[in-house]
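Notes for the structure review
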Amino acid sequence: MKILVSTPTLCHPDFPHSPNTGFGIMVSCIAEALGKAGQKVYVNNSSFFGPSSERLGYHLLQRKLRVLLFSSRIKDVVRGFRYAFLARTQSWWTRYNIFKYYVSIGYNERVIRQIAPDHIHINGLTLSTLPFLVAAVRTGFPFTVTLHGLNSLDDSVALSPFLKAYEFRMLRLLLENQVQVSIVSSGGFRKIVNRFGGKHYPTLSVVLNSVSPIRRTYPDVPRKKRILCVGNIDRRKNQAQLVRAVALLKDRTDFDVFFIGNDNLNGEVQLLAQRLGVSDRCHFTGTLPHEEVFSMMNEAWCTCLLSKDEGFGLSFIEGYCFGLPAICFADIDAVSDISDERCTLLIEERTDEAVSGSISSVFDRDWDRDYIRLFSRRFSPDILSDAYLSLFKAAPAASLTEPEICRLMDDYMALGWSKKNFEKAEPVC
């Protein structure tokens, strides 16, 4: 099967400045897993320009600005300019991106026609993936859309009402027109069903994420009392609460917490650790290569992620591969997918005191690390590739047309998009 994976972000070793996010990592994992399953996989990544690469077992397509510009269509340029003008309440950056996305539709058409894939896999449902969607509909090739999170239904996602509204409206249009849509957690699936009035769409399904490929064998070593919190530091990931919980454990100083990820809060969490007197136990490493993260997991005690909203929690299942139990809140989307009473310590209340109590409990408990490693096998890349291939092969013929997308965008852009307008315009199901 020839598969074209289209994505607005990708974590790839040949591009060290590419976004190191769970989304980017997971898209690369999907492409690599499908390639190892014997499929011919091409990846069309719109986040940067650069040469082609086949380093990870899939063909990352080269992307050149000149080719993109010369592939654009006049009608798309005009429509992009008009929409950028209509979005006058938005930032100049958002308006520029709207124009840019429409200019790139022709390039994505060109990619599809050149490769002639058996199936197109579009990752994400934001304005940045609109060029992939329009090009797929325009060329008539079958496609699937995968949601790696729910921007429009998660209050903690730092997006404007304008950008959240696009996902909500486009998702409804896709499902009503029999487009195959998958989401990475059962909790996300339930949110969609509930938000659309309990209606179950036959083309909406769940495909769980898998662990990142672990390319070397790690020896068994004595465990250190270390908690690993893996993920870029921001308000949604909620690392500040973990620092506050550590500060409550004044009588327990025999452990350390390592925060691994890019700091998007400009040192705010580090300053909090200093102010609370726990900077000697809270260590901030910045972004690390995957192999280095895995080496740290091999000798750590557990992982912990206290996100206000979490689509899946990739670091949990990566930790399971190394026998690490996970600490997380009991209300995250994927809790029924990734938790097990012998692998996961669930926090029922979102209070600092409840978190500190769980930290104490995780060190006092004797974990069966062999069982945790065994549990991690349910998130293997082989299972992931089989699930996506089954989904692609079963995808029905969608009835979505380009005029329907244009009508949706015309209505969406015409509202002016203040916060007040968004609340009035959001459909009630």
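In case you missed it, the structure is sitting above this.
This report concerns the structure included in the present document. (Residues numbered from 1 in each chain as written. Predicted model: local features only at pLDDT ≥ 70, side-chain atom pairs only at ≥ 80, totals over all residues. Heavy atoms only, no water.)

**Quick word on the overall build of the protein chain**
A count of helices and strands for the protein chain gives 18 helices and 13 strands. Across its three principal directions, the C-alpha atoms of the protein chain cover 65 × 50 × 40 Å. Counting every position in the protein chain, which comprises 429 residues, the buried fraction comes to 57%. Counting only contacts in the protein chain whose residues sit at least 6 apart along the sequence, the fraction spanning at least 24 positions is 73%. Summing over all exposed atoms, the protein chain offers an accessible surface of approximately 18400 Å²; the carbon and sulfur share of this is 52%. (Helix = DSSP H or I, 4+ residues; strand = E, 2+ residues; numbered from the N terminus. Buried < 20%, exposed > 50% of the residue type's maximum accessible area, 1.4 Å probe, protein only. Contact = heavy atoms within 4.5 Å. Areas by Shrake-Rupley, 256 points an atom, 1.4 Å probe, with all protein chains shown as cover.)

**Some points on helix α11 (residues 290-299)**
Residues of α11 that are buried include every one of V293, F294, M296, M297 and N298, and no others. Structurally, α11 contributes buried residues whose contacts are with β8 (226-230), β9 (256-260), β11 (302-305) and α12 (314-321).

**Some remarks on the sheet that holds strand β10 (residues 282-286)**
Taking strand neighbours across the sheet as the criterion, the six strands line up as β10-β9-β8-β11-β12-β13 in an open arrangement whose pairing is parallel. On the outer flanks of this sheet lie β10 and β13 (344-347), each paired with one strand and no other. Averaged over all pairs of adjacent strands, the angle between their axes in this sheet comes to 25 degrees, without regard to strand direction. As judged from the three bridges shared by β11 and strand β12 (residues 326-329), these two strands associate in the parallel manner. The partner of L305 across the bridge, within β12, is C328. Its contacts with the sheet put helix α14 (residues 352-364) on β8, β11, β12 and β13, and the angle it makes with β13 is roughly 160 degrees. (Pairing = 2+ DSSP bridges. Axes fitted to C-alpha atoms, helices over the stretch in contact; angles between N-to-C directions.)

**A short note on the sheet that holds strand β7 (residues 204-206)**
The seven strands lie next to each other as β3-β2-β1-β4-β5-β6-β7, forming an open sheet whose pairing is parallel. The open sheet terminates on both sides in strands that have one partner only, identified here as β3 (59-60) and β7. With three bridges joining them, strand β6 (residues 180-183) and β7 adopt parallel strand pairing. In the strand pairing of β7, V181 is matched with L204.

**Considering the nonpolar core**
Grouped together as the largest cluster of nonpolar side chains are 75 residues, with contacts concentrated most on L242, Y320, I338 and I359. With eight residues, helix α1 (residues 22-36) is the single largest residue contributor to this core. Once residues lying within four places of it in the same chain are set aside, the contact partners of I359 are I227, L242, A245, V246, L249, F255 and I327. (Core = buried A, V, L, I, M, F, W, Y, C linked by side-chain atoms within 4.5 Å.)

**Comments concerning the packing of aromatic side chains**
Note on aromatic pairs: each is described by the distance of the centres and the angle between the planes. Tallied over the entire structure, the rule returns 13 aromatic pairs. Ring centres of F162 and Y412 lie 4.9 Å apart, and the angle between their planes is 20 degrees; on these two criteria the pair is classed as stacked. Note that F162 is positioned in helix α7 (residues 161-176) and Y412 in helix α17 (residues 402-413), a separation of 250 residues in sequence. Just as F162 is buried, Y412 falls in that class too. Ring centres 6.2 Å apart and planes at 90 degrees place the aromatic pair F196 and Y201 in the edge-to-face group. Accessibility classification places F196 together with Y201 in one group, the buried group. (Phe/Tyr/Trp six-rings, centres within 6.5 Å; stacked < 30°, edge-to-face > 60°.)

**A word on a nonpolar patch on the surface**
Together, F49, L65, L69 and F70 line one region of the surface with nonpolar side chains, adding up to about 450 Å² of accessible area. On the secondary structure map, L65 appears in helix α2 (residues 65-71). (Patch = residues over 30% accessible without salt bridge, like charges linked within 9 Å, V, L, I, M, F, W, Y side chains within 5 Å. Salt bridge = Lys/Arg side-chain N within 4 Å of Asp/Glu carboxyl O.)

**A closer look at the environment of F189**
By secondary structure assignment, the location of F189 is in helix α8 (residues 186-195). Those residues within four positions of F189 in sequence are excluded, and the remaining contacts are I183, H200, L204, S205 and V206.

**Re the packing of helix α3 (residues 74-86) against helix α4 (residues 92-103)**
Interaxial distance between α3 and α4 falls to 8 Å at its minimum, and their mutual angle equals 165 degrees. Compared by their axis directions, α3 and α4 come out roughly antiparallel. Seen along the crossing, α3 lies across α4 with a hand that is right-handed. Across from D76, V77, R79, G80, F81, Y83, A84 and F85 in α3, the residues of α4 making contact are R95, I98, F99, Y102 and V103. Of the residues assigned to the contact of α3 with α4, the class counts are nine nonpolar, one polar and three charged. (Parallel < 35°, antiparallel > 145°, perpendicular 65-115°, else oblique. Left-handed = near helix turned anticlockwise from the far one by under 90°. Nonpolar A, V, L, I, M, F, W, Y, C, P; charged D, E, K, R; others polar.)

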